[in-house]
Amino acid sequence: MDVATLDRLIEQFDKEHGGIVALLQDVQAAEGYLPRPALERIAQDLELPLSQLYGLATFYRAFSLRPKGKHTVTCCMGTACHVRGGQQVVDRIARELGVEPGETTPDMQFTLETVNCLGACALGPLVVVDGEYHGRLSSAKVSRLIDRYR
Ligand code: FES
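Please read these numbers as outputs of a predicted model, since none were measured by experiment.

What am I meant to see in the sheet that holds strand 3 (residues 127-129) here?
Strand pairing within a sheet occurs via backbone hydrogen bonds; the two strands may be parallel or antiparallel. In space, the four strands of this open sheet follow the order 2-1-3-4, with mixed pairing throughout. The open sheet has two edge strands with one neighbour each: strand 2 (110-115) and strand 4 (132-134). Across the sheet, the axes of successive neighbouring strands diverge by a mean angle of 20°, strand direction being ignored. Here three bridges tie strand 1 (residues 71-76) to strand 3, and the two strands are oriented antiparallel to one another.

Here is the structure:
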């Protein structure tokens, strides 16, 4: 995001008295994460402590302070998924991608994340890729699933 675009977003924030979260969402949507220079500019222009922005950025799961891959693979680690083999699925995906949960592949294609429940426990083990739900997954099906997004 160029500086002019960011300034325009900050101006809209001022005019509309919208929430700072909405402003951060706009930056996140444009960049895929919240770059430090953008946070510094927002803090400066709105006369907010940078620590407040970092506090918001780390509180909401939707925000990331690091660049994310083109595809986000979210594995459920909740109880219902866990008892049906969720850990094996996560381990297999981590091996397949060569990253640990919370990391992004060096080619910036995949970010692997874990969550505690995706709200569809009957489908466990459940993995969501770019918002698409893949239920009753087994480690044997992982390669085929990842290949669909390569
Ligand atoms: S425990 Fe996995 S979706 Fe609820």
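Please explain the pairing of strand 2 as it appears in this structure.
Each regular strand carries side chains that alternate between the two faces of the sheet. For strand 2, the buried fraction is high: five of the six residues fall into the buried class. Judged from the six bridges that link them, strand 1 and strand 2 form a sheet pairing that is parallel. Looking across to strand 2, one finds that Thr74 is bridged to Glu113.

Looking at this structure, I do not really get the pairing of strand 1. What am I missing?
With six of six residues buried, strand 1 lies mostly within the body of the structure. Because side chains alternate across strand 1, one face comprises the buried residues His71, Val73 and Cys75, and the other comprises Thr72, Thr74 and Cys76, equally buried.

Quick question: what am I supposed to make of the packing of aromatic side chains here?
The description of an aromatic ring pair rests on the distance of the ring centres and on the angle between the ring planes. One pass over the structure, following the stated rule, counts two aromatic pairs. Taken together, a centroid distance of 5.0 Å and an interplanar angle of 90° make the contact between Phe59 and Tyr60 edge-to-face. Relative to Phe63, the ring of Tyr60 lies with its centre 6.0 Å away and its plane at 85°, an arrangement referred to as edge-to-face. Taken together, Phe59, Tyr60 and Phe63 form an aromatic cluster joined through their ring pairs.

Teacher, can you tell me more about the side chain of Ser64 here?
Looking at the element boundaries, Ser64 is found in the loop between helix 4 (50-59) and strand 1. Beyond its immediate sequence surroundings of up to four residues, Ser64 is in contact with Gln28, Tyr33 and Leu34.

Help me out: how do you make sense of unusual backbone geometry in this one?
Glycine aside, residues mostly have negative phi, and peptide bonds are mostly found in the trans state. In this structure, the amide linkage connecting Gly124 to the following residue, Pro125, adopts the cis form with an omega of -5°. With respect to the helices, strands and loops of the structure, Pro125 is situated in the loop between strand 2 and strand 3. With a phi close to 55°, Glu47 is a non-glycine residue in the positive phi region. Checked against the element boundaries, Glu47 lands in the loop between helix 3 (36-46) and helix 4. Judged by relative accessible area, Glu47 falls into the exposed class, the value being 72%. Despite not being glycine, Met108 shows a phi value in the positive range, around 65°. Counting through the fold element by element, Met108 comes out in the loop between helix 6 (86-97) and strand 2.

Is there a simple way to think about the packing of helix 6 against helix 7 (residues 142-149) in this case?
For the pair helix 6 and helix 7, the least separation of the axes is 10 Å and the interaxial angle reads 50°. The angle between helix 6 and helix 7 places the two elements in the oblique class. Crossing of helix 6 over helix 7 shows right-handed handedness. Only Val142, Ser143 and Ile146 of helix 7 make contact with helix 6, whose side of the interface consists of Val89, Arg92, Ile93, Glu96 and Leu97. For the contact of helix 6 with helix 7, the class distribution of residues is five nonpolar, one polar and two charged.

Criteria and cut-off values
- As a convention, each chain's residues are numbered from 1 in the sequence order in which they are written.
- Predicted model: local features are reported for residues with pLDDT of at least 70 only, side-chain atom pairs are reported and counted for 80 or more only, and whole-chain, interface and lining totals are derived from all residues.
- Note: side-chain values were computed over all heavy atoms of the structure, leaving out hydrogens and water.
- Pairing between strands requires that DSSP locate at least two bridges from one strand to the other.
- Helix numbering and strand numbering both begin at the N terminus, where a helix is a DSSP run of H or I of at least 4 residues and a strand a DSSP run of E of at least 2.
- Think of each axis as a best-fit line through the C-alpha atoms, taken over the contacting stretch in the case of a helix, with angles from 0 to 180 degrees between the N-to-C directions.
- Note on classification: 1.4 Å probe, protein chains only; a residue is buried when its accessible area is under 20% of the maximum for its type, exposed when over 50%, partly exposed between these limits.
- Each pair of aromatic rings taken from Phe, Tyr and Trp, with Trp reduced to its six-membered ring, is defined by centres within 6.5 Å and is described as stacked if the planes are under 30 degrees apart, edge-to-face if over 60, and tilted in the remaining cases.
- Contact definition: two residues touch when any of their heavy atoms are within 4.5 Å.
- When describing relative orientation, an angle under 35 degrees is termed roughly parallel and one over 145 degrees roughly antiparallel, while 65 to 115 degrees is termed roughly perpendicular and anything else oblique.
- The crossing is said to be left-handed when, going from far helix to near helix, the turn is anticlockwise and less than a right angle, and right-handed when the turn is clockwise.
- As a working rule, the residues Ala, Val, Leu, Ile, Met, Phe, Trp, Tyr, Cys and Pro are called nonpolar, Asp, Glu, Lys and Arg charged, and the rest polar, with Gly in that last group.

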